[in-house]
Amino acid sequence: MSNEFPQPSEEIKRLTSEIESLRAEMQVSFRKLSQMEKRLRAVFPNLPKKPKATPGQPRQLSSKSGEQLKEDFQRILQAVEESGPQGFDSTISTLPNEDVLALAVELGVGQPKQTSLSKAVEGIRKRIQERRMLGHTRHD
Amino acid sequence: MKEKKGPKSIATINFKGGVGKTTCTWCLGDLLSTFGKSNVLLFDLDAQMSLTQAITLNEDGSLVQQFQTWADKSFKKKKTIFHAIEEYTGAGNFNFGVNYEFIYQISDRYHFIPSVEDLYWLALDVIPRDKMQTFMRSLLAKITWSTNVQNYDYALFDCPPSFTLLSYSVLSVCDMILIPINPDFYAAKGVPLILNMLQMQIEPLPVPKIGVFMNKAKPYGGGMTKESRFYWDSVKDVCQKFSKKSGIKIQCFESPIYDRVKIKRAVTTGGVPPEFVSDFKSLWNNIERFINE
Ligand SMILES: Nc1ncnc2c1ncn2[C@@H]1O[C@H](COP(=O)(O)OP(=O)(O)OP(=O)(O)O)[C@@H](O)[C@H]1O
Ligand SMILES: [Mg+2]
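A. Inspection of the side chain of K21(B) at higher detail. Residues and elements named next belong to chain B. Here K21 shows up in helix α1 (residues 21-35). Summary of buried charges: K21 has no salt-bridge partner, and the nearest side chain of opposite charge, D158, is 6.4 Å away. A distance of 3.5 Å separates the side chain of K21 from the backbone oxygen of N14, its partner in a polar contact. Beyond its immediate chain neighbours, meaning those up to four positions away, K21 contacts T12, I13, N14, K16, D158, C159, P161 and P180.

B. Summary view of the environment of F280(B). Residues and elements named next belong to chain B. Tracing the sequence through the fold places F280 in helix α11 (residues 274-291). The buried category is assigned to F280, whose relative accessible area is 0%. The residues touching F280, leaving out its near neighbours within four places in the chain, are C24, C27, L28, L31, I257, I263 and V272.

C. Spatial organisation of the packing of helix α2 (residues 66-92) of chain A against helix α3 (residues 97-106) of chain A. All names here are of chain A. One can describe the packing of α2 onto α3 by two numbers: an axis separation of 10 Å at closest approach and a directional angle of 105°. Comparing their axes, α3 and α2 come out roughly perpendicular. Between α2 and α3, the residues in contact are G66, L69, K70, F73, I76 and I92 and D99, V100, A102, L103 and E106, respectively. Here the contact of α2 with α3 is built from residues that sort into 7 nonpolar, 1 polar and 3 charged.

D. Quick look at the interface of chain B and chain A. Counting from both sides, the interface comprises 19 residues of chain B and, opposite them, 17 residues of chain A. Together, the buried faces of chain B and chain A total about 1,700 Å²; carbon and sulfur atoms form 58% of this surface. Among the residues chain B hides against chain A, the three largest losses belong to F185(B), K226(B) and F230(B). Together they make up 34% of the total. One can count 7 residue pairs in polar contact (both at pLDDT 80 or more) joining chain B with chain A.

Basis of the calculations
- Residues numbered from 1 in each chain as written.
- Chains lettered and ligands numbered in written order.
- Predicted model: local features only at pLDDT ≥ 70, side-chain atom pairs only at ≥ 80, totals over all residues.
- Heavy atoms only, no water.
- Helix = DSSP H or I, 4+ residues; strand = E, 2+ residues; numbered from the N terminus.
- Buried < 20%, exposed > 50% of the residue type's maximum accessible area, 1.4 Å probe, protein only.
- Lys, Arg positive; Asp, Glu negative; His and termini not counted.
- Salt bridge = Lys/Arg side-chain N within 4 Å of Asp/Glu carboxyl O.
- Polar contact = N/O pair within 3.5 Å; in protein donor to acceptor, adjacent residues only side chain to side chain.
- Contact = heavy atoms within 4.5 Å.
- Axes fitted to C-alpha atoms, helices over the stretch in contact; angles between N-to-C directions.
- Parallel < 35°, antiparallel > 145°, perpendicular 65-115°, else oblique.
- Nonpolar A, V, L, I, M, F, W, Y, C, P; charged D, E, K, R; others polar.
- Buried area = accessible area lost by both parts, 1.4 Å probe.

Here you go:
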């Protein structure tokens, strides 16, 4: 039998041991890091505490229903049809941030709690473009 | 003459390849004949023969011996669908006799008219369009009146992803056109395209009812993902507008078939996979309601 292609089980063993050794390396690095930090604090006790992984303020949640968000989408769509890209910007700017984020999630272009506002806006822009391109029939 | 009802006919089509025309048509037929009480006649109209191959190949790729024997005989006796077309469009009368040399029996209630490679010739438009238009109606009448074969409740057609003369003869006379779509931009984009094409090609004849459903919907928590939903909403929007402006009856069925690998072996192993049965049942309920409206 050829040794060209490792069997899946061998491949899994190889990957597992690779993961193990990477984890070991990382643990060593973490230990070094915290030792350095301890030494630093011993010398400079007034060193500002390391910033907490900033959760910021908790995100405000949109109170709109899926249907209401779809109406917002229709409104943006209509504005774009009437006045082009400006219609997009001007309509989206009337929406509170939490609704923009919720709309992105509703359109399947954003994750709750993860998507940034600018990503959400770009996602919505993409969906508007898609919907416009999908809509053309010979009756238009 | 005695009143005799022909089968209700449903043609599955989309110009977009790979959306699941063949798989879903086959599964619906299998569902009806296995779980229902109907006799089903399935047509493979695609010269690519993917349905014929799927039904008649063993999993190792060899042809099921029984089918091979049948197909050889069918060809020798000039009983393929291509021979039927040749005879219908030729100079003489259409005396094509329907029997089980023309129709292959997959099971008691599930029967099949396979494709043959010769159907490629139909792409060349060598046959007059008007003549070909009435072909399938005449063939179905022959099947209905034939005493050699059983009565069929439904005729299902797996159409090629193009508008051939043969598909024209089906699409212009069937009771319903069924369009599967997928949850992605290009599949959704194909919907206005196919609607335009159907209208342009079939009119001035009346365009049959059109049913649309989502295949390969991405599942999420008992429904489909938001992304799949977005494309489905877009398609519904297009269909609604198109229907309003053209007067063609279009219904979008709220009964998706989900994307699951299990379906891949459905045709070759014979039998709608159990996890798909309820999806296909809901789809069928919608189809039946619409077709009888
Ligand atoms: N619901 C589903 N979930 C997962 N895979 C699917 C589903 N439906 C179809 N497929 C797979 O997608 C592929 C294409 O399906 P199929 O051949 O039925 O499409 P088609 O529209 O008939 O293609 P063609 O245009 O070539 O005739 C096949 O591999 C099939 O197994
Ligand atoms: Mg196919």
